[in-house]
Amino acid sequence: PEVQRVGRVPIPGPPGEGEVLVKVHAASLNPVDYKQREGGLRWLLEYGWPQLFGFDFSGELVALGKGVSERVPKLAVGDEVFGQVNGLRKCTAAEFCIVAADVCAKKPENVTHVEAASVPLVAMTVMQSFHCCFRTDTDAPGPTATGPRVLILRGSGGVGTMAIQLSKQMF
């Protein structure tokens, strides 16, 4: 707490080519966020302080950068979207955030912003794990004639819960 503070930052923008400006309605914080806050990744990342945190978001598109309409034609100003910022850019704990348009998906109407913001990082972690574990090349473990067998231990956290749900749908 002594290293955190709430403050005002200017609204970022305008969005660059292929980017959108999102008014953030909800964001989730993950272990990577508190590890960065504690300086645990300073050997890997070079950044100054103060720093904004957050990778996952859900909100409303308020501006489109150049080329977005052509690259992601389904997105328009006013759409409710959710997603995860690219790479090491962090910003979703702020009221507004600029993100790449191709990391945005339209938020389903039956899902709240809070629910949508809780999905991206854990879902990507699970999908990357499944991709690594269930490759189809002959040198790696993968699907058999009866399909892959999945055992998820300690599935009560964010990633484990998502792994259980996705494995039910995928395998």
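Going by the structure above, here's the rest.
Residues numbered from 1 in each chain as written. Predicted model: local features only at pLDDT ≥ 70, side-chain atom pairs only at ≥ 80, totals over all residues. Heavy atoms only, no water.

Peer 1: Got a minute to help me understand the state of the cysteines in this structure?
Peer 2: What makes a disulfide is a covalent bond joining the sulfur atoms belonging to two cysteines. Counted according to the given criterion, the structure contains one disulfide. One disulfide in the model links C91 with C97; its S-S distance is 1.6 Å. With respect to burial, C91 and C97 carry one shared label: buried. Between C104, a free cysteine, and C97, which holds the nearest cysteine sulfur, the sulfur-to-sulfur gap is 9.2 Å. (Disulfide = S-S within 2.5 Å. Buried < 20%, exposed > 50% of the residue type's maximum accessible area, 1.4 Å probe, protein only.)

Peer 1: Can you help me understand the side chain of K107 in this one?
Peer 2: In this structure, K107 sits in the loop between β5 (104-106) and α3 (113-117). Residue class for K107 comes out buried when judged on its relative accessible area of 9%. With near-sequence residues (within four places) excluded, K107 lies in contact with S58, E80, V81, F82, T112, H113 and A116. (Helix = DSSP H or I, 4+ residues; strand = E, 2+ residues; numbered from the N terminus. Contact = heavy atoms within 4.5 Å.)

Peer 1: Got a minute to help me understand the pairing of strand β4 (residues 96-100) in this structure?
Peer 2: The two faces of a sheet get side chains in turn, since along a regular strand they alternate between them. Burial analysis of β4 places five of its five residues in the buried class, which makes it a mostly covered element. With five bridges joining them, strand β1 (residues 19-28) and β4 adopt antiparallel strand pairing. Counterpart to V22 in the pairing with β4 is C97. (Pairing = 2+ DSSP bridges.)

Peer 1: I would appreciate a short explanation of the packing of helix α4 (residues 120-133) against helix α5 (residues 158-170) in the present structure.
Peer 2: How two helices sit against one another is set out by the angle between their axes and by the gap between those axes. Relative orientation of the contacting elements α4 and α5 amounts to 55°, with a least axis distance of 9 Å. For the element pair α4 / α5, the angle class is oblique. Note that α4 runs across α5; the crossing there is right-handed. Two secondary-structure elements touch here, α4 through V122, A123, T125, V126, M127 and F130 and α5 through G158, V159, M162, A163, L166, S167 and M170. Taken together, the residues of the contact of α4 with α5 sort by class into ten nonpolar, three polar and no charged. (Axes fitted to C-alpha atoms, helices over the stretch in contact; angles between N-to-C directions. Parallel < 35°, antiparallel > 145°, perpendicular 65-115°, else oblique. Left-handed = near helix turned anticlockwise from the far one by under 90°. Nonpolar A, V, L, I, M, F, W, Y, C, P; charged D, E, K, R; others polar.)

Peer 1: Help me out: how do you make sense of the side chain of S28 in this one?
Peer 2: Note that S28 resides in strand β1. Of the residues examined, S28 reaches a relative accessible area of 13% and is grouped as buried. A distance of 2.9 Å separates a polar atom in the side chain of S28 from a polar atom in the side chain of D56. Here A117 takes part through its backbone oxygen, which lies 2.8 Å from a polar atom of the side chain of S28. Sequence-distant contacts of S28, that is, excluding residues within four places in its chain, are made with D33, G54, F55, D56, A117 and S118. (Polar contact = N/O pair within 3.5 Å; in protein donor to acceptor, adjacent residues only side chain to side chain.)

Peer 1: What exactly am I supposed to notice about the nonpolar core here?
Peer 2: The tendency in soluble globular proteins is for nonpolar side chains to be buried side by side. Membership of the largest hydrophobic core comes to 18 residues, with the highest contact counts inside it found for V20, V22, L75, V81, V99 and C104. For this core, the secondary-structure elements that each account for two or more residues are β1, β2 (56-64) and β4. Beyond its immediate stretch of four places on either side in the chain, V20 contacts P15, L61, A63, L64, V68, C97, I98, V99, A101 and C104. Counting residues in hydrophobic clusters, the runner-up holds eight residues, among them V122, A123, M162 and L166. (Core = buried A, V, L, I, M, F, W, Y, C linked by side-chain atoms within 4.5 Å.)

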